[in-house]
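Structure at a glance
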Amino acid sequence: MFRTIIKLIKILSWMFFKGKKLKIARKYEKEGNIEARDKLVNKWVPMWARYVLNQCPAQVEVIGQEKIPTDEAVCFISNHQGNMDIPVLLGFVNKPMAFVAKVELAKIPMLADWMKLMQCTFMDRKSPRASVKAMHDAVDGLKRGYSQMIFPEGTRSRGGPHHEFKAGSFKLAFMAEATIVPVTIDGTWRLLEEKGKLQKGNVTITIHDPIVTRGMTKEEMHELPAKVEQICCAPLPPPIQLKNKKHGLL
């Protein structure tokens, strides 16, 4: 645990010493120089993500990178194994993306600032009105060209059985008529959740064939969540029967 604390301090220190980059990005945004802002953010965020994973360390393999559309913003939809899912995706998927994140993250200094510059959306699940607004903000982001990542399970599986993909999570793609790119993440839970501390491990990201939602019928939309769930979770190995309740793994 002591080593994990040291590594977390290193991660926070990295963010602190890159504070100058954050100020520059804010300056570009204030000036309306969105192209320069996005260029800076899209350079430094993946660098931060890879630095985080180097602290484990993690070996990451990406399969199917070539399947990601390059001429449009997309809605990535993935299973959710652990807290390291986001750094893995930011650091190793060759397409900038934003996230629909829980509102609590908006209270973390610097991290929240970078997330806002990435065009992330913060959702308060306790407030239906705020949730609706957050969804519309995310749709607007997609239409403006910022790809989004959704975890339809809503919570981490942590190496256990995956959770059902919630149909409501797909509204973002349907409302924006965005192409869906299913993603399978395997191994991230071992980096942190398995023992409650940072540790080395292997992670595989599998990117599947994109699914065009534009022109879908209501029946096709109704069937899509189960279809995407099957695509994302079929490659996963049998779930681990976790017994370590100390680290909140059940």
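These notes cover the structure that comes with them.

Scoring rules and cut-offs
- Residues numbered from 1 in each chain as written.
- Predicted model: local features only at pLDDT ≥ 70, side-chain atom pairs only at ≥ 80, totals over all residues.
- Heavy atoms only, no water.
- Salt bridge = Lys/Arg side-chain N within 4 Å of Asp/Glu carboxyl O.
- Helix = DSSP H or I, 4+ residues; strand = E, 2+ residues; numbered from the N terminus.
- Buried < 20%, exposed > 50% of the residue type's maximum accessible area, 1.4 Å probe, protein only.
- Pairing = 2+ DSSP bridges.
- Axes fitted to C-alpha atoms, helices over the stretch in contact; angles between N-to-C directions.
- Contact = heavy atoms within 4.5 Å.

Taken as a whole and judged by the stated rule, the model has 10 salt bridges. A salt bridge links Lys67 to Asp209, with the shortest nitrogen-to-oxygen separation between them at 3.4 Å. Highlighted residues: Lys67 in the loop between β1 (58–63) and β2 (74–78) and Asp209 in the loop between β7 (201–207) and α8 (218–233), separated in sequence by 142 residues. Of the charged contacts in the structure, one is a salt bridge between Arg190 and Glu194, with a shortest N-O distance of 2.8 Å. The exposure class assigned to Arg190 is partly exposed, which follows from its relative accessible area of 34%.

Before going further, it helps to spend a moment on the environment of Met175. By the secondary structure assignment, Met175 is in helix α7 (residues 171–176). Classification of Met175 as partly exposed rests on a relative accessible area of 35%.

Here the focus is the sheet that holds β2. The mixed open sheet is built from 7 strands, whose spatial order is β1-β7-β6-β2-β5-β3-β4. With one partner strand each, in any of the chains shown, β1 and β4 (121–123) form the two edges of the open sheet. Geometrically, the sheet is characterised by an average inter-axis angle of 25° between neighbouring strands, direction not taken into account. With respect to the sheet, α8 is in contact with β2 and β6 (179–186), its orientation differing from that of β6 by roughly 35°.

Okay, helix α4 (residues 85–92) next. For α4, the tally of buried residues reaches 7 of 8 residues, placing the bulk of the element in the interior. Along α4, the residues that are buried comprise Asp85, Pro87, Val88, Leu89, Leu90, Gly91 and Phe92. Buried residues belonging to α4 abut α3 (34–54), β1, β3 (98–102), β5 (148–150), β6 and β7.

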